[in-house]
Amino acid sequence: LILANVFSVKLYNPVKLIVKNVQNIIKDPQKKLEDKINEYELINNIINEFYNKLNHLENTLQVNRPVLKHNIISELFDNKFENYNEFINRLSLIGINSSLPYYTPLILELDKDVLDNLNTKNNQFIKYNIIEYIESLSSKDFICLAALTGSYRISILLIHKKIDSQKLADFTNKIIDYTSQK
């Protein structure tokens, strides 16, 4: 019986510490005042609450991914990043793997005369269709990000595994061919 008590105290002490820590972070003072609480239920509720908050944050990031991507590209081309780590951290927010070592910035200037002769709907459709096409050229080792950074400018960031002039030339030719058709 004495051994059972010693083992139960040793098993319960970690749970007791967890409950104490959980009670310290609980925002609701009413929950803190309860003397007789089910520790396991309390811990389970806190884990569920954190899980729900984490899901909400991940969903918020996913919904705002286009805005985040646009801001990253705009800030990169405007030289607003303080350092490389800040840039890498921001890329990770939109799910971009920072293990690819090479970056190639490109600027695509669109034909002002052609776009100005279109109605607003078609003008915007063409710009965002080009961006969608550019990003569709991405692969695991060749990531293409694009954003409209001016009325007639699309800024492009290529993130790739190795320097390959032919691949970059092919990419550029695909963009020229695609935009020439539009």
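Residues numbered from 1 in each chain as written. Predicted model: local features only at pLDDT ≥ 70, side-chain atom pairs only at ≥ 80, totals over all residues. Heavy atoms only, no water.

1. Some words on the packing of helix 7 (residues 120-136) against helix 8 (residues 165-181)
For any two helices packed against each other, one specifies the crossing angle of their axes together with the interaxial distance. Orientation of helix 7 relative to helix 8, taken along the N-to-C sense of each, is 150°, at an axis distance of 11 Å. By the angle between their directions, the pair helix 7 and helix 8 is classed as roughly antiparallel. Between helix 7 and helix 8 lies a crossing whose hand is right-handed. In this structure, helix 7 contributes N129, I130, Y133 and I134 to the contact, and helix 8 contributes F171, K174, I175, Y178 and T179. The residue makeup of the contact of helix 7 with helix 8, split by class, is six nonpolar, two polar and one charged. (Axes fitted to C-alpha atoms, helices over the stretch in contact; angles between N-to-C directions. Helix = DSSP H or I, 4+ residues; strand = E, 2+ residues; numbered from the N terminus. Parallel < 35°, antiparallel > 145°, perpendicular 65-115°, else oblique. Left-handed = near helix turned anticlockwise from the far one by under 90°. Contact = heavy atoms within 4.5 Å. Nonpolar A, V, L, I, M, F, W, Y, C, P; charged D, E, K, R; others polar.)

2. Regarding the nonpolar core
The nonpolar side chains of soluble globular proteins are, as a tendency, buried together. Membership of the largest hydrophobic core comes to 18 residues, with the highest contact counts inside it found for L108, I130, I134, I154, I156, L158 and F171. Taken together, the elements giving at least two residues each to this core come down to helix 7, strand 2 (142-150), strand 3 (153-160) and helix 8. (Core = buried A, V, L, I, M, F, W, Y, C linked by side-chain atoms within 4.5 Å. Buried < 20%, exposed > 50% of the residue type's maximum accessible area, 1.4 Å probe, protein only.)

3. Examining the pattern of salt bridges
Applying the stated criterion across every chain yields a total of five salt bridges. A salt bridge links E135 to K69, with the nearest nitrogen and oxygen atoms 2.6 Å apart. Of this pair, E135 sits in helix 7 while K69 sits in helix 4 (residues 65-77), and the two are 66 residues apart along the sequence. Looking at E135, the relative accessible area reads 24%, which means it is partly exposed. (Salt bridge = Lys/Arg side-chain N within 4 Å of Asp/Glu carboxyl O.)

4. A few points about a positive patch on the surface
Taken together, K140, K161, K162, K167 and K174 make up a surface patch of like positive charges. Within the secondary structure, K174 sits in helix 8. (Patch = residues over 30% accessible without salt bridge, like charges linked within 9 Å, V, L, I, M, F, W, Y side chains within 5 Å. Areas by Shrake-Rupley, 256 points an atom, 1.4 Å probe, with all protein chains shown as cover. Lys, Arg positive; Asp, Glu negative; His and termini not counted. Charge placed at Lys NZ, Arg CZ, Asp CG, Glu CD.)

5. Focus on the environment of L91
Positionally, L91 belongs in helix 5 (residues 84-93). Given the relative accessible area of 0%, L91 is considered buried. Not counting residues within four places of it along the chain, the set of residues in contact with L91 comprises I72, I96, Y103, L145 and I159.

6. Comments concerning unusual backbone geometry
Excluding glycine, residues mostly carry a negative phi; peptide bonds, for their part, are mostly trans. The phi torsion at N79 lies on the positive side, around 55°, for a residue other than glycine. Residue position: N79 is located in the loop between helix 4 and helix 5. N79 gets classed as exposed once you look at its relative accessible area, which sits at 67%.

7. A word on the pairing of strand 3
Here is the key point about a regular strand: its side chains alternate between the two faces of the sheet. With seven of its eight residues buried, strand 3 lies for the most part within the structure. For strand 1 (residues 102-109) and strand 3, the ladder comprises eight bridges, and the chain directions are antiparallel. When the bridges of strand 3 are listed, L106 appears paired with I156. The turn joining strand 2 and strand 3, which pair antiparallel and follow one another in sequence, is formed by two residues. (Pairing = 2+ DSSP bridges.)

8. Structural notes on the packing of aromatic side chains
The tally for this structure, following the rule as stated, stands at five aromatic pairs. Seen from their ring centres, Y84 and Y103 are 6.3 Å apart, and the 75° between their planes marks the pair as edge-to-face. Within this pair, whereas Y84 is found in helix 5, its partner Y103 is found in strand 1, the two being separated by 19 residues in sequence. Residue classification places Y84 among the partly exposed positions, given a relative accessible area of 45%. Each member of the aromatic cluster is reached from another via a ring pair, and the members are F81, Y84, F87 and Y103. (Phe/Tyr/Trp six-rings, centres within 6.5 Å; stacked < 30°, edge-to-face > 60°.)

9. Structural notes on the sheet that holds strand 1
In spatial order, the strands read 1-3-2; together these three strands make up an open sheet with antiparallel pairing. Looking at strand neighbours, the two that pair on one side only are strand 1 and strand 2, the edges of this open sheet. Taking the axes of each pair of neighbouring strands and ignoring which way they run, one obtains an average angle of 20° across the sheet. Contacting strand 1, strand 2 and strand 3, helix 7 crosses the sheet at an angle of about 160° to strand 2.

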